[in-house]
Each structure stands twice: as structure tokens, then as C-alpha cells.
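# An overview of the molecular structure
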Amino acid sequence: MGSCLPVLLVLLLCISCPLVRCGEDYFQSECLEVPTSEFIGSVKSTIDTVRQVTSTVSKFSSFFGDFRLSNAISDCLDLLELSADELSWTLTASQNPKGKNNSTGNLSADLRNYLSGALINQDTCIDGFEGTNGLIKNLVAGSLNQVTSLVRDILYMVRPAPKNIPGAHAGRGNPWQWSRERKLTSSNKEDNNSFPSWLKQKDRRLLQAAAPTTGVVPDAVVALDGTGNFTRIKDAIGAAPQLSTKRFVIYIKKGIYNEYVEISKKKWNIMMIGDGIDVTVISGNRSFIDGWTTYRSATFAVKGQGFIARDMTFENTAGPEKHQAVAFRSDSDLSVLFRCAVRGYQDTLYAHSMRQFFRDCTITGTVDFIFGDGTAVFQNCQILARKGLPQQKNTITAQGRKEAAETTGFSIQFSNISGEPDLLVSLNSTYTYLGRPWKTYSRTVIMQSYMSNVIRPQGWLEWNGNISLDTLYYAEYQNYGPGAGLGARVNWPGYHLLNDSSQANNFTVSQFILGNSWLPSTGVKYTAGLEV
């Protein structure tokens with residue numbers, strides 16, 4: 001392949017090199033498969049389609065007295081609105097490629113992140129019709145599938161960043177190959193108290209503070225005994241400004257808060273600080289059996305970007321017999337849970353979409369208890385399976401990546417994977433697996449973690465026979481403990497034993513959440529994330 005002409009000559013003559021297009025009609029040094037004008041036109045057209053479909057779906061909202069169906073329609077309207085927002089973010093980023101607002105600095109990764117979110121929303125909407133009138137589901141599904149098809153086409157217009165994450169574009173033709181190697185600058189060390197690069201220094205200090213009463217001045221205080229500004233968490237959130245670029249800190253004093261909380265998409269940069277795991281508790285018991293959709297069953301849900309929670313518990317107490325019952329659901333981009341517990345049974349933690357970081361957390365459950373289509377790293381966490389229904393099999397993860405071009409997946413690192421005491425004494429009656437493929441391109445990597453004998457020797461479980469076993473991407477790297485033995489692991493085409501640190505490095509905080517194309521251009525040293 002020929003080399004690029006000198007930059008000045010390229011600009012003067014508007015000649016593109018084989019791999020990096022130039023000129024006003026293309027993103028400079030970025031990765032689009034089509035002219036910018038075509039990309040922007042497609043996004044605008046799709047936003048219009050989403051609005052048309054929203055109008056169609058809204059006509060069903062007042063015709064039915066069925067509680068489950070009403071929840072499903074309500075979910076669809078919320079999710080379509082979220083898709084419109086994520087497409088709008090895509091549009092803004094593509095029109096202003098150098099803009100830093102709401103982004104990591106990696107345009108390719110940001111675009112694919114937003115589009116991945118917009119893609120999965122329609123599937124979540126359709127999933128909500130389980131157990132309802134099939135006629136209504138079919139009427140709505142036709143319009144939703146149209147949106148999904150349009151978003152998918154736009155997603156494949158964005159080329160992956162350099163040093164493509166393994167599993168991307170599998171089964172979708174050859175990924176874009178970059179002609180020059182980019183070197184990453186790294187300290188190659190992992191500090192046990194480190195946080196992702198996008199977390200501002202001020203927020204790091206807030207997270208590391210011993211307690212909110214020692215050095216942190218909250219904007220609002222919630223206390224059940226009336227000693228704060230509010231007695232309900234939702235009221236404190238309501239007091240936070242919309243679309244704020246400034247951190248709004250809410251201190252939630254000890255107690256069990258029996259309320260359902262949702263932080264809307266317009267409430268940005270909210271930080272919640274409690275008095276400790278199982279000391280400050282947000283508790284609910286909504287479930288699928290009681291008529292809620294899985295999406296709507298969440299005790300706590302957040303959409304607003306930049307959310308941070310510290311030293312608290314989110315729980316759903318519905319129990320295993322109530323099936324899907326979410327404790328915590330997140331669509332918050334660049335969000336953090338630090339020293340938090342998420343407790344439930346089936347579908348405990350719903351990392352629905354966007355980039356999320358979980359540090360020093362405890363997560364418990366039975367079936368698919370970490371699930372969704374987010375891009376999430378779980379670092380130094382306690383992940384504990386529980387005893388569920390008789391003869392029920394536990395699966396820790398059910399990652400929902402639908403398309404090969406999506407940036408999404410779960411990475412579990414430096415964590416303790418085991419079971420609660422009641423499960424550990426009945427291993428022969430309840431089998432526990434690392435995960436199963438919820439969607440076609442499900443991606444989960446577990447590395448440098450301890451696995452107790454709660455994990456079955458096969459490691460992973462099929463979802464439905466051989467479906468997705470050749471398109472999923474599951475991997476393990478340098479795990480240890482009685483459950484980490486590799487001798488009897490599954491031999492699926494999509495399962496990988498990673499022996500090369502360069503492969504595993506793709507799934508660390510520094511690269512998997514942020515992408516790896518923008519860090520070299522900054523010249524800033526950063527932690528590679530594989531060494532303690």
C-alpha cells in the first residue's frame with residue numbers, strides 16, 4: 001500500500017491516503033466508512049423515524065387496563081426517547097469531532113458507544129412484552145425493527161479504533177485494518193486505589209474521602225429521622241439541577257429507604273454517598289411475577305451521565321420465586337459504583353447500556369445476575385452466587401451484545417467469585433456457571449480473579465443448544481482457585497484461553513471502557529491495568 005503524501009500537500013490537494021480520508025466531507029483522521037454528510041444524513045433520518053415510531057407506540061398507551069402491558073408500553077416510550085437522545089449525541093459528536101463534551105476524546109469509541117446503546121433499546125422494549133397480548137407485541141415490533149435496522153446500518157458506518165478489541169466484527173467481514181502501529185504509553189502498573197482516567201481528580205478525592213462528614217460538603221442531605229434536607233432520596237434528586245457539568249453531591253444517612261428511585265437522563269453528574277454497605281440501603285421488591293417488566297422492576301435506575309455512588313446498598317428482596325427482579329439498572333455513561341453492594345436473586349444488576357465501572361463492590365444473585373448490554377469493568381469485586389429455586393442453575397453473567405460492531409461487554413478483574421454460605425454447603429444441588437450467551441455476540445472476559453469451587457468445571461453454560469457458541473467471545477486469563485481449572489472447560493469456537501498479556505490488556509479499565517485510540521495522542525502516561 002502506498003504511503004500518505006505530506007500533510008500540507010494532502011490539505012492543499014485534498015488527496016486521501018488509502019486509510020485516512022481528508023477534506024471537509026470526511027472526519028479528519030477518524031474512522032468513517034462513508035462521507036460525513038452521508039453519515040449525518042442517516043443519523044438525522046433515523047432520529048425522525050424514532051419520533052414517528054414513538055408517536056405510533058404512544059397511541060397504545062391509553063387503551064389497555066392490563067398492568068403488565070401498560071408497563072411494556074411505558075418502557076417502550078422511555079427507551080425510544082433514550083434512543084433519540086443517543087442518536088442526537090452521535091449527531092453532535094459527528095458534527096463537532098473535536099468537541100470534548102460528554103465524551104472520552106476517542107471519537108470512534110464514543111460514536112460506537114452511543115449507537116450500541118441506541119441499538120439495544122428496541123430489543124429491551126420488545127422483551128418487555130413477554131407474557132402480554134401477542135397481537136400488540138407484533139404491531140409494535142414491526143416499527144421497532146425498522147429503527148433497529150437503521151441504527152445497525154449507522155453503527156457499521158463507523159470503523160473500529162486501532163488495535164481493535166477481540167471479538168469485534170466477528171462474522172461481519174474483515175475489520176478495518178490500520179496501516180501504522182500506534183504505541184501506547186503506559187506505566188504498566190495497577191494501583192489498587194486507582195480510578196479510570198476520565199474520572200476527574202476532584203471526584204476521585206470525593207470517592208476516597210473517609211466519610212461525608214470529613215471533608216465532603218454535600219449539596220443535599222437525606223435522612224429518615226428528619227435531620228437532613230430531605231427524607232426521601234427521590235426528592236433530593238429532584239432538587240439537583242438539570243444537565244449540570246458540576247458535581248451534585250447527595251449524602252444519604254444510614255437507614256433502609258423503601259422507595260423506587262430513577263435518575264432521569266437530564267440529571268447529570270450526581271454523586272450519592274452513603275454511610276456504608278448494608279448501612280445505607282435502598283430497598284424494593286418489584287418483580288416480573290408481580291406484573292413488572294424486567295426493565296421496570298429496578299429498585300434503583302439511572303440514565304443521567306456521570307453518576308457515582310459510594311458506600312451504600314441497592315437491593316431487590318422479591319426472592320428467587322419471583323424470577324426477574326432488578327436491584328440496580330444503569331444507562332449512565334462514564335459512571336462508577338465504588339464500595340457498594342447490589343443484592344438480589346435473578347437479574348440483580350442490569351448494566352443495560354453505556355460505559356460503567358464497578359470497584360470494590362459486592363454483587364449477589366442467582367440466574368443471570370449481572371446482565372445487560374453495557375460496557376462494564378468489575379474490578380476488585382466480591383461476586384457471590386446464592387441458593388435459588390430447587391434444581392435451578394446459577395449463571396453469573398448474561399451479556400447482551402447483539403451486533404459484532406458493538407463496543408459492549410463485561411470484564412471482571414482482580415475479583416473474588418464464590419458463593420454465599422447457604423450455596424457453598426449445597427454445591428451438588430445448585431450448579432453455578434460464569435455465564436451464558438444472552439445475545440448472539442455476547443462478550444465476557446474474566447481475568448486475574450479467584451474462583452472458588454462453586455464454579456462448575458465446564459465454566460460456562462449454553463443458552464439454547466449450539467446457538468451463538470461460534471459468535472460469542474468468552475475468555476479467561478490468569479485466574480486461580482479451585483474453580484479456575486481449565487482442564488474441563490467448554491470447547492466452543494467462541495471460547496478463548498488468553499495466554500498473551502497483550503490480548504488481556506484489551507479488557508482493562510484503560511482500554512476497554514475508553515477505547516485505545518485517543519490515549520497515545522495525549523502523551524499522558526496511564527495505567528495498563530494488568531499488574532498490581
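To keep things clear, this report deals only with the structure shown in the data block. Worth saying up front: this structure is predicted, and the values here are computed from it rather than measured. (Residues numbered from 1 in each chain as written. Predicted model: local features only at pLDDT ≥ 70, side-chain atom pairs only at ≥ 80, totals over all residues. Heavy atoms only, no water.)

### Topic: the state of the cysteines
A covalent bond bridging the sulfur atoms of two cysteines is what the word disulfide describes. For the structure on display, the rule yields 1 disulfide. Here Cys 76 is linked by a disulfide to Cys 125, with a sulfur-sulfur distance of 1.6 Å. On the S-S bond that ties Cys 76 to Cys 125, the torsion sits near 80°, and the link is right-handed. Of the two residues, Cys 76 sits in helix H3 (residues 67–95) while Cys 125 sits in helix H4 (residues 107–127), which places them 49 residues apart along the sequence. Judged by relative accessible area, which is 0%, Cys 76 ranks as buried. Here Cys 361 is not cross-linked by a disulfide; its sulfur's nearest cysteine counterpart is in Cys 381, at 4.7 Å. Judged by relative accessible area, which is 1%, Cys 381 ranks as buried. (Disulfide = S-S within 2.5 Å. Helix = DSSP H or I, 4+ residues; strand = E, 2+ residues; numbered from the N terminus. Buried < 20%, exposed > 50% of the residue type's maximum accessible area, 1.4 Å probe, protein only.)

### Regarding unusual backbone geometry
Despite not being glycine, Leu 243 shows a phi value in the positive range, around 50°. Topologically, Leu 243 is positioned in the loop between helix H7 (233–239) and strand E2 (248–252). Positioned with a positive phi, Gln 448 is a non-glycine residue whose angle comes to about 55°. Along the chain, Gln 448 falls in the loop between strand E21 (443–447) and strand E22 (450–451). With a relative accessible area of 11%, Gln 448 lands in the buried category.

### Observations concerning the nonpolar core
Met 272 and Phe 314 are the most contacted members of the largest nonpolar core, which totals 57 residues. If we skip the residues at most four places from it in the chain, Met 272 touches Ile 233, Ile 237, Ile 250, Ile 252, Ile 282, Phe 300, Phe 307, Ile 308, Ala 309, Arg 310, Met 312 and Phe 314. Counting 50 residues, the second-largest nonpolar core is a separate cluster that includes Leu 87, Ile 136, Ala 141 and Ala 405. (Core = buried A, V, L, I, M, F, W, Y, C linked by side-chain atoms within 4.5 Å. Contact = heavy atoms within 4.5 Å.)

### As for the packing of aromatic side chains
Two aromatic rings are characterised by how far apart their centres lie and by the angle between their planes. One pass over the structure, following the stated rule, counts 18 aromatic pairs. Their ring planes at 35° and their centres at 5.6 Å tell us that Phe 300 and Phe 307 sit as a pair that is tilted. Of the two residues examined, Phe 300 and Phe 307, each falls in the buried class. Each ring, one from Trp 460 and one from Tyr 495, has its centre 6.4 Å from the other, and the planes form 55°; the classification is tilted. Pair noted here: Trp 460 is in the loop between E22 and strand E23 (473–477) and Tyr 495 is in strand E24 (residues 495–497), with a separation of 35 residues, a long-range link. Judged by its relative accessible area of 1%, Trp 460 is buried. Taken together, Tyr 295, Tyr 350, Phe 371 and Trp 438 form an aromatic cluster joined through their ring pairs. When the ring centre of Tyr 260 is taken as reference, the NZ or CZ atom of Arg 286 above it lies at 3.8 Å. (Phe/Tyr/Trp six-rings, centres within 6.5 Å; stacked < 30°, edge-to-face > 60°. Lys NZ or Arg CZ within 6 Å of the ring centre and 35° of its normal.)

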